[in-house]
Amino acid sequence: GAVVSQHPSRVICKSGTSVKIECRSLDFQATTMFWYRQFPKQSLMLMATSNEGSKATYEQGVEKDKFLINHASLTLSTLTVTSAHPEDSSFYICSATGGDQPQHFGDGTRLSIL
Amino acid sequence: QKEVEQNSGPLSVPEGAIASLNCTYSDRGSQSFFWYRQYSGKSPELIMFIYSNGDKEDGRFTAQLNKASQYVSLLIRDSQPSDSATYLCAVNVQTSYDKVIFGPGTSLSVIP
């Protein structure tokens, strides 16, 4: 099956730090990538939709200046959480789709801001 | 507001039984329907997708779709303890081929 790689799997850092998360589709061209956030015992919350070569589309309530998304190629999208604070601590998950592939998820990044 | 609804559970079934998971959606124009399994602390894993009315079988899993009733279900035959997880129903948004809306998930517990 399709493989989506996400790194890092876990980040622990101090408040005010910026954190970059990478999402790669390893065996198909991902024309669209999605970034989700999931708090404990809650469902996935879509943050933004990223199309290769264009600006990301953010969901209502998601600050685009805080969550910077770049999708520079058909295999890589990055999410940068800028000046992270404890309330940004969450499980961040990317997914990728393209061609006839449904969404396939990366393994997620558990972000803990101290 | 487009919505996808699921019973949150927990749904408990004995090992070897059939587990039935249900999902309803509000967007009548939706065309693609997905079931994901998510173990605690892990990311979702695609189990099945279905596009046409009727049943689609893959091993122990059967997805059932009824667009007229806006209803999609997942049956798990011969349930195993390893099937214990949260099952997420996802439905595409009519205006976007790729974007989907996830339901809140149903927690399934298979009792040995």
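Above: the structure in question.
Scope of this entry: the structure provided in the associated data block. (Residues numbered from 1 in each chain as written. Chains lettered and ligands numbered in written order. Predicted model: local features only at pLDDT ≥ 70, side-chain atom pairs only at ≥ 80, totals over all residues. Heavy atoms only, no water.)

### Some remarks on the environment of R77 of chain B
All names here are of chain B. Let me state the cut-off plainly: By definition, any uninterrupted DSSP run of H or I lasting at least four residues is a helix, any uninterrupted run of E lasting at least two residues is a strand, and each is numbered from the N terminus. Each residue is placed in one exposure class: buried if its accessible area under a 1.4 Å probe, protein chains only, is under 20% of its type's maximum, exposed if it is over 50%, and partly exposed if it falls in between. Only heavy atoms matter for contacts: two residues are in contact if any of them lie within 4.5 Å across the pair. Polar contact criterion, stated in full: a pair of N or O atoms within 3.5 Å, where within protein one must be able to donate a hydrogen and the other to accept it, and residues adjacent in sequence count only if both atoms are side-chain atoms.
Secondary-structure assignment places R77 in the loop between β8 (71-76) and β9 (85-92). Note on R77: relative accessible area 26%, which makes it partly exposed. C-alpha separation for the pair R77 and T62, spaced 15 residues apart in sequence, amounts to 8.2 Å. Not counting chain neighbours up to four residues away, the residues in contact with R77 comprise A17, I18, E57, G59, R60, F61 and T62. Of note is the side chain of R77, whose polar atom sits 2.6 Å from the side chain of T62.

### Notes on the interface of chain B and chain A
Note the cut-off: Buried area is understood as the total, over both parts, of accessible area removed when two parts are fitted together, assessed with a 1.4 Å probe. Any Lys or Arg side-chain nitrogen located within 4 Å of an Asp or Glu carboxyl oxygen qualifies as a salt bridge. For this scheme, ten residues count as nonpolar: Ala, Val, Leu, Ile, Met, Phe, Trp, Tyr, Cys and Pro. Four count as charged, namely Asp, Glu, Lys and Arg, and the remainder, Gly too, count as polar.
Taken together, the 17 residues of chain B in the interface contact 20 residues of chain A. Carbon and sulfur atoms make up 56% of the surface buried where chain B meets chain A, a total of about 1,300 Å² over both sides. At the junction of chain B with chain A, the criterion picks out one salt bridge. Taking the shortest distance from any N to any O, the salt bridge between E59 of chain A and K99 of chain B comes out at 2.9 Å. Our count for the contact surface shared by chain B and chain A stands at six residue pairs in polar contact (both at pLDDT 80 or more). If you list the elements that add at least two residues to the side of chain B that touches chain A, you get β4 (33-38), β5 (45-50) and β10 (100-102) of chain B. The dominant element in the side of chain B that touches chain A, judged by the number of residues it contributes, is β4 of chain B, at three residues. Partitioned by chemical class, the residues of the side of chain B that touches chain A number 10 nonpolar, four polar and three charged.

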